[in-house]
Amino acid sequence: MVIFLDKDAPDEKIQEIIDKIRELGFSVQKSEGQNQTVIGVGGIKPEYDLKPISLIEGVSKVLGISEPYVFAGREFKQTDTVVQIGDVKIGGEEVVIFAGPCAVESEEQIFNIAGQIAKAGAKILRGGAYKPRTSPYSFQGLGEQGLKLIRQAADQNNLLVITEILESSQIDLIGKYTDIFQVGARNMHNYPLLKELGKIDKPVMLKRGWSATIDELLMSAEYILAGGNMRVILCERGIRTFEPSTRNTFDVSAIPVVHQKSHLPIIADPSHATGFRDKVIPVSRAAIAAGADGLMIEVHHNPQKALSDGPQALLPDQLMQMMTEIRAIAKAIGRTI
Ligand code: PEP
Ligand code: MN
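Caption draft 1: Expanded view of the site of ligand 1. Taken together, Arg126, Lys131, Glu164, Gln182, Gly184, Ala185, Arg186, Lys207, Arg237, His272 and Glu298 make up the full set of residues near ligand 1. In the environment of ligand 1, an oxygen atom lies 2.8 Å from a nitrogen or oxygen atom belonging to the side chain of Arg126. In the model, an oxygen atom of ligand 1 is placed 2.9 Å from a nitrogen or oxygen of the Gln182 side chain. For ligand 1, whose accessible area on its own is 290 Å², the fraction buried by protein is 97%. Here the shell around ligand 1 is composed, by residue class, of one nonpolar, three polar and seven charged.

Caption draft 2: Spotlight on the coordination of the manganese ion (ligand 2). Binding of the manganese ion (ligand 2) to the protein goes through Cys102 (SG), His272 (NE2), Glu298 (OE) and Asp309 (OD), at separations of 2.0 to 2.4 Å. Taken in chain order, the donor set of the manganese ion (ligand 2) reads C-x169-H-x25-E-x10-D. Of this pair, Cys102 sits in the loop between β7 (96-100) and α3 (107-120) while His272 is found in helix α9 (residues 270-274), placing the two residues 170 residues apart along the sequence.

Caption draft 3: Broad picture of helix α11 (residues 316-332). Taking 1.5 Å per residue as the helical rise, α11 with its 17 residues ought to reach 24 Å, and the 25 Å between its terminal C-alpha atoms agrees with that figure. Looking at the buried side of α11, the elements it contacts are β7, α3, α10 (277-289) and β14 (294-298). One or two positions beyond α11, positive phi appears at Gly334, with a value near 80°.

Caption draft 4: Quick look at the pairing of strand β1 (residues 2-5). Alternating positions in β1 separate into two faces, Val2 and Phe4 on one and Ile3 and Leu5 on the other, with burial throughout. When β1 meets strand β4 (residues 59-63), the two strands line up antiparallel, connected through four bridges. In the sheet register, Ile3 faces β4, and the bridge partner there is Val62. Here three bridges tie β1 to strand β3 (residues 37-42), and the two strands are oriented antiparallel to one another. Bridge pairing in β3 places Ile3 opposite Ile39.

Caption draft 5: Structural context of the packing of aromatic side chains. Across all of its chains, the model carries two aromatic pairs by this definition. Each ring, one from Tyr191 and one from Tyr223, has its centre 4.6 Å from the other, and the planes form 20°; the classification is stacked. Of the two residues, Tyr191 is situated in helix α6 (residues 191-197) and Tyr223 in helix α7 (residues 214-226); the sequence distance between them amounts to 32 residues. Given the relative accessible area of 31%, Tyr191 is considered partly exposed. For Tyr223, a relative accessible area of 32% corresponds to the partly exposed category.

Caption draft 6: Spatial organisation of the pattern of salt bridges. The full count for this structure, using the stated rule, is 18 salt bridges. Where Arg126 meets Glu298, a salt bridge forms, and the shortest distance between an N and an O atom there is 3.3 Å. Of the two residues, Arg126 sits in strand β8 (residues 124-126) while Glu298 sits in strand β14, which places them 172 residues apart along the sequence. On the basis of relative accessibility, which here comes to 2%, the residue Arg126 falls in the buried class. Residues Glu196 and Lys199 are paired through a salt bridge, measuring 3.0 Å at the closest nitrogen-oxygen approach.

Caption draft 7: Quick peek at unusual backbone geometry. If you check the backbone angles, Asn158 has positive phi at about 55° while not being a glycine. By secondary structure assignment, the location of Asn158 is in the loop between α4 (144-156) and β9 (160-164). Non-glycine residue Asp309 carries a positive phi angle of around 55°. Relative to the elements of secondary structure, Asp309 occurs in the loop between β14 and α11.

Caption draft 8: Quick look at the pairing of strand β10 (residues 180-183). On β10, burial covers both faces: Ile180 and Gln182 on one face and Phe181 and Val183 on the other are all buried. Here three bridges tie β9 to β10, and the two strands are oriented parallel to one another. Across the sheet, the residue bridging to Ile162 is Ile180, located in β10. Sheet analysis places β10 next to strand β11 (residues 204-207), joined by three bridges and oriented parallel. Residue Val183 lies in a different strand from β11, and its bridge partner there is Leu206. For the segment spanning β10, α6 and β11, crossover handedness is right-handed.

Caption draft 9: Focus on the sheet that holds β4. If you walk across this open sheet you meet the four strands as β2-β3-β1-β4, and the pairing is antiparallel. At either margin of the open sheet sits one strand with a lone partner, and together these are β2 (27-32) and β4. Pairs of neighbouring strands in the sheet enclose a mean axial angle of 20°, with direction left out of account. Here β2 pairs with β3 via six bridges, running antiparallel. Its bridge partner lying in β3, Ser31 is registered against Val38.

Thresholds applied
- Residues numbered from 1 in each chain as written.
- Chains lettered and ligands numbered in written order.
- Predicted model: local features only at pLDDT ≥ 70, side-chain atom pairs only at ≥ 80, totals over all residues.
- Heavy atoms only, no water.
- Near = heavy atom within 4 Å.
- Polar contact = N/O pair within 3.5 Å; in protein donor to acceptor, adjacent residues only side chain to side chain.
- Areas by Shrake-Rupley, 256 points an atom, 1.4 Å probe, with all protein chains shown as cover.
- Nonpolar A, V, L, I, M, F, W, Y, C, P; charged D, E, K, R; others polar.
- Donors = N, O, S within 2.8 Å, 3.2 Å for Na, K, Ca; no water.
- Helix = DSSP H or I, 4+ residues; strand = E, 2+ residues; numbered from the N terminus.
- Expected span 1.5 Å × (residues − 1).
- Contact = heavy atoms within 4.5 Å.
- Buried < 20%, exposed > 50% of the residue type's maximum accessible area, 1.4 Å probe, protein only.
- Pairing = 2+ DSSP bridges.
- Phe/Tyr/Trp six-rings, centres within 6.5 Å; stacked < 30°, edge-to-face > 60°.
- Salt bridge = Lys/Arg side-chain N within 4 Å of Asp/Glu carboxyl O.
- Right-handed = clockwise from strand over helix to strand, strands pointing away.
- Axes fitted to C-alpha atoms, helices over the stretch in contact; angles between N-to-C directions.

Here it is as structure tokens:
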């Protein structure tokens with residue numbers, strides 16, 4: 001349900017309305033539009049009688065909404081959400097590049113790659129310290145040592161950090177080192193984790209599960225938003241189809257569909273979508289042309305020796321090349337990189 005308030009409703013009145021609805025047991029978020037304040041209410045069943053709410057003083061209109069999510073949808077918030085961390089804005093005019101290795105492997109590796117991606121113009125350093133590997137015998141990440149190294153490498157190069165969280169018991173530890181929590185494709189349906197991430201005040205990047213629909217992705221985002229954390233970034237990383245030529249199938253249309261249905265920013269991950277280095281640049285170009293708010297690119301200076309995902313890692317020079325190409329595309333659609 002979305003509640004439109006009287007244009008001149010004072011702040012105390014708005015707070016009173018929010019408190020009243022919370023007392024009824026619903027989750028509530030406020031969205032300040034250009035001309036009007038809107039309150040979203042999550043968890044209202046269709047049979048719920050909206051009349052008492054519409055009679056609260058200061059309420060101008062109450063609308064049931066057509067989608068199963070409230071806070072992730074455009075009906076609640078028409079303007080695009082811009083997730084700002086320091087001076088980096090995700091979802092604004094500038095397209096933001098996240099880059100780095102699949103996993104943090106050593107001091108030498110992460111410092112080398114951080115320096116190169118900063119030179120290329122990336123703003124956010126990625127790298128897993130806890131890796132969700134298909135095989136329990138594969139490299140699982142360096143743990144806290146990896147977190148320390150990625151933080152130091154980012155700080156030295158004026159970059160932000162994004163790293164993956166696997167379970168909610170890791171929130172405090174990872175939160176000490178990261179600027180953005182990454183929820184991987186495997187955890188898109190881990191609702192207890194999403195609920196806990198709804199309570200924190202750091203941004204969360206939520207990747208689409210490889211068999212999840214766009215509405216399911218938005219419902220997962222809703223778990224975080226309903227908890228009060230409105231800084232959610234979505235990520236299209238490819239879905240599993242019958243086509244075996246690439247690791248996954250990049251769903252380019254997910255980008256305009258998400259932009260239509262949701263105010264949240266969406267970035268693209270062509271590395272996991274394609275699985276092959278030579279496909280990453282063409283798919284990056286497509287993602288920018290389709291309106292992606294950012295790209296997440298795996299980069300490694302010695303991919304033959306990488307402990308995970310070497311075949312899809314760009315070499316630093318290729319990242320430079322990619323930046324030149326996508327800058328031209330961004331410019332053509334009124335954006336910058
Ligand atoms: C990753 O980004 O390192 C990763 C594991 O990706 P995904 O969750 O999309 O498989
Ligand atoms: Mn990877």
